[in-house]
Every structure is written in structure tokens, then in C-alpha cells.
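# Per-entry structural report
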Amino acid sequence: MLDLKIIRENPDKVQQLLDRRGVGKYDLQPILDLDQKQREIETNRSQLSARSNEIGKLIGQKIRGGSDPKGEEISALKEEGNELKTKLGELEPQEKELKAQIENLLLELPNLPQESTPIGKNEEENVEIHRWGEEYLPSNPNILPHWEIGEKLGILEFSRAVKVAQARFVNLVGAGAALERALINFMLDRQIAAGYVEVMPPLLINTESLTGTGQLPKFAEESFKCQDDDLWLTPTAEVPVVNLYRNEVIEAAKLPIYHCAYTPCFRREAGSYGKDTRGLIRLHQFSKVELVKLVHPDRSETEHQSLLKNAEAILQALQLPYRVIELCTGDIGFSAAKTYDIEVWIPSANTYREISSCSNTFDFQARRAGIRFKEAGKKGTQFVHALNGSGLAVGRTMAAILENYQQTDGRVKVPEVLQPYLKKEII
RNA sequence: GGAGAGGUGGCCGAGUGGUCGAAGGCGCAGCACUGGAAAUGCUGUAACGGGGUAACUCGUUCGAGGGUUCGAAUCCCUCCCUCUCCGCCA
């Protein structure tokens, strides 16, 4: 959520930054109008409240001082109090309604792109930052797509998963299931060693949590919702993990907070019909190890860089070629001010595909979720900066391994760092 | 799901109709003492919103939302959550 005060004080600047996401997509004027009305009413209402409070105190004092509670003096004050109450009874609901309208509009506004986020209309204008591991590009010219080799090896079952659930689900068998577990453990072990504290949050999460991180109210169609409860299947661990601290005031000395979490993630993938219909790239359920940081605002850019490095380290250890791109203003997510995507080489597609997204949301999520910190001796509180990144998407990592490590005999070599986990050198 | 008890400031905890934004403690900050520190003493210390350059000032907030009253942390209603006991269950 954007700071209403900043919108009010710099409407042109805010509008200009929002326009970088797409001209004409967001209009601040309705918010400014409602805000002005709201403040007029607030000024008026608080004056009446002040008098009303004064009367209340006065009556108490007079009665204690020996005035007749049924006498004329007290009755006159009560009368005035009642008149004020009638007026307040009209103003209060108006003010409340205006505040709710402003809140609703603010919740629908995306984050402001960071100044340094490259300006662009869509993904075509993202900027490549660097590539890594071209020496590991596979030389085998006859690589089968991962879903074919997976089914051949009997470790991926798509049609049986469809029978149990529906399209875009997979069943992992034998070494497939073991590889998934190995990847999860390997990723967690590495990130724990890098300083992240592992958490296993609830996978069913409430509406307030999804609102706190920005998935709601705008993107309700992206998540699975339980019919009889106010609970949704988590689309990413970012949501439960960031919301662990919702409405908390953290001591500054406790920052930064680093968490890693393995969770299954559930996404409806509405609107992506026809894209990546085969394989592990786009499923309704997938595993992911997520990194979350809550940090002091002064450190957030440094922390963003190191978060990216932590995600990259996994691919380097697995010796999978990848590139890092910086998303342009037209492609960054709703809550993000700046995002780096890591894309891994997928030989069958002859291209790099997203395997991690590392975003700095600045105070956008913290303001929505009420995550603040207090510095000793300083008055008031500040919002933390919340950052998140995948470290990494497990299914896509498996896809990359099944292809990049595919041997000419149709078997798949196990990456060296995974061998201790899998207790196997080849699948 | 049934019965009972509870939810108060960064934390703990007192407070059953007015002088309560709320005692006391912890924590934190400043000062004194000290070579320095600890201990001790004194002082200060809620958040959010409006107005004001500022000093400051007005309002809101005691789980959430309604209600009673001139006046609610305190009384009433609904909901959420926590704890104890019972039931069910991996």
C-alpha cells in the first residue's frame, strides 16, 4: 500500500511513477478527492467530539462537587450532549465510509517502481544483467524434453496425476520423488548455512494474509479458495512467512530477520491456458524454497543484492547455466518496486526460463501488513522493508536437471552436490 | 462440537461507570555517582490520524464490530482468538 500522505503531498511525482507501469492504468484523482472530503469531515467531527468530551467531564465534576444530578444545570448539559450526539451520529458514518473507500482504492494501487527500475512496457524490455555457467551448457544434441525423459525413466507420471486431480498436476515416482526431496533439503541446507532461519508455516492462509502481501483484493482468481472457511491455499510461502509478523512492532535490534521456507505452492494459473501445457514448468501445485527478509530501510538495497546472490548460489552449486535479468516497470509484480529474475537454461526450449524471482517491496507490504519496527530512543515506529525471492522453484530445477544432465544413453546424471542426498550418481 | 476462564502499552501486569491513555514492574533513553563499567538514584518513555514552521493542540484506539449512557477498559449483544476440562481424531 502506498502512503496516503506521500500521495497527498506529491501527487504528480507518484502519478508519474505509476505511469511507468503503464500510462493511464492508475488514476490518483479519486483518492485525492475523497481524502480532501474526509479531512474536512474529520476536522468538523473532532471539534464536536472535543466539546462532547468536555461536557462528559463537566457533568462528572459537577455531580462530584455536589450538584443535583436531576437539577437544571446538569439537564442543560445533558441536552447539549444529546444534540452533539445527534450531529456526530451523522458525521461519523460519513467519515468511516470515506475512509473505507480510500482504503479500498489504495489497496488496488500497485507499488511505485524504484527509480532505478528500467522503464519498459512489457517483458520484452527487461534487461539482462549477466549470464553464468556457459561452460556447463550441455553438448548432447539429442536432449529429450524433461517430461519425455521423465516418463521414460518412470519417475514422472502426468496422466495418472490427471486422473487423481486434473491437468497440470504431476505424480513423482521413485527417484523422481527422491530427487524432489533431495533438492528441497539441499536448498534449505544451503540457505540455512547462509543465515536464514527455516520456518514451516501454515499452507492454508486467511484473506487478511493475502491482502497483507498484495495478492488480494486484485488477484483473487489466482488462488484456490476453500469453500466453507476463510482460507486459501498458499500461492507462495512469501505470504504466510511475511504475515508471521503482521501487526507486530519489532525491536530494531532484532532486524534483519531472514527466513527460508519450503512449502508446496498452489496457483490456479488462470489466464495462462495454452502456455507450458507440458512438463513441470507450470503446474497448479509445485514445491518451492522461499527466502524472505525483513530489514531496516537503510539496508534494503544491499539486502536485495545479497538475496539475489543467495538464490544464484544454488544454481552455481548445481552447475546449471542461468542468466539474471532485471524486470522493467511494465513487468514487475504488483507489490514489487524492483525485481530480478533468474532464468535457468532449458535445452528443449532452447531458452532460459524463470526459476527465481527476487523482489524488493520496500515498505509496500509492510504498510499493508502493519509490520513496523521501533528504534530505541526514537519516537514512533517505521515500516520495515520486506524482500522475497525463490531459492529456488523445485519443479523447474528438476526440469533443468533432467535436461542439462541428460546423457546420450538416456540416463540422467545426478549433480555432484545432490549425490550425498540422493545416494545415487545416475538415474 | 460441549462447559468454564480470559484477551489491557515494546513486554509483564493492575484497573467493574466520570479525576483512566490507563498504577506498578521490565525494557529503552537521558542525567547523577564511577578511572571505566556494574549496581544504585533521579527523570523521561504508547501508537495512529487531523491542524500547526514549531512549541503545541484536537481526535481515535484497552481482541474486532455493534449497543446502552451526558460519559465505557469497566455494563449488554455478536464475532474472532487463547487457556483449562470433556468429546472426536492423525
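Residues numbered from 1 in each chain as written. Chains lettered and ligands numbered in written order. Predicted model: local features only at pLDDT ≥ 70, side-chain atom pairs only at ≥ 80, totals over all residues. Heavy atoms only, no water.

With that out of the way, let us pick up the pairing of strand 15 (residues 385-393). For strand 15, the tally of buried residues reaches 9 of 9 residues, placing the bulk of the element in the interior. Across 7 bridges, the pairing between strand 9 (residues 285-295) and strand 15 is antiparallel. Across the sheet, residue L294 finds its bridge partner in strand 15, namely A386. As paired elements, strand 12 (residues 351-360) and strand 15 share 3 bridges and run antiparallel to each other. When the sheet's bridge partners are listed, N360 is paired in strand 15 with L387. (Buried < 20%, exposed > 50% of the residue type's maximum accessible area, 1.4 Å probe, protein only. Helix = DSSP H or I, 4+ residues; strand = E, 2+ residues; numbered from the N terminus. Pairing = 2+ DSSP bridges.)

What follows covers the domain arrangement of chain A. What the domain assignment lists for chain A is domain 1 (4-108) and domain 2 (123-422). Here the C-alpha centre of domain 2 lies 44 Å away from the C-alpha centre of domain 1. Contacts between the two partners involve 6 residues from domain 1 and, on the opposite side, 10 residues from domain 2. Buried area between domain 1 and domain 2, summed over both chains or domains, comes out near 730 Å², and the portion from carbon and sulfur atoms is 48%. Its largest share of buried area at the contact with domain 2, domain 1 owes to R21, L107 and E108, together 78% of the area lost on that side. Our count for the contact surface shared by domain 1 and domain 2 stands at 0 salt bridges. Applying the counting rule to domain 1 against domain 2 returns 6 residue pairs in polar contact (both at pLDDT 80 or more). Along the lines of polarity and charge, the residues of the side of domain 1 that touches domain 2 split into 3 nonpolar, no polar and 3 charged. (Domains from an automatic or database assignment. Contact = heavy atoms within 4.5 Å. Buried area = accessible area lost by both parts, 1.4 Å probe. Salt bridge = Lys/Arg side-chain N within 4 Å of Asp/Glu carboxyl O. Polar contact = N/O pair within 3.5 Å; in protein donor to acceptor, adjacent residues only side chain to side chain. Nonpolar A, V, L, I, M, F, W, Y, C, P; charged D, E, K, R; others polar.)

Our next topic: helix 7 (residues 175-193). Across its 19 residues, helix 7 extends 26 Å between first and last C-alpha, which sits within 8% of the 27 Å expected from 1.5 Å per residue. Residues of helix 7 that are buried: A175, G176, L179, E180, A182, L183, I184, F186, M187, L188 and Q191. Of the residues trailing helix 7, G195 is marked for its positive phi of about 110 degrees. (Expected span 1.5 Å × (residues − 1).)

Another point: the sheet that holds strand 10 (residues 322-326). Pairing is mixed in the open sheet, where 8 strands are placed in the order 1-10-11-12-15-9-8-4. Each end of this open sheet is capped by a strand with a single partner; those strands are strand 1 (127-132) and strand 4 (197-198). Of the pairings in the sheet, the one linking strand 10 to strand 11 (residues 338-346) comprises 5 bridges and is antiparallel in character. Bridged to R323 within strand 11 is E343.

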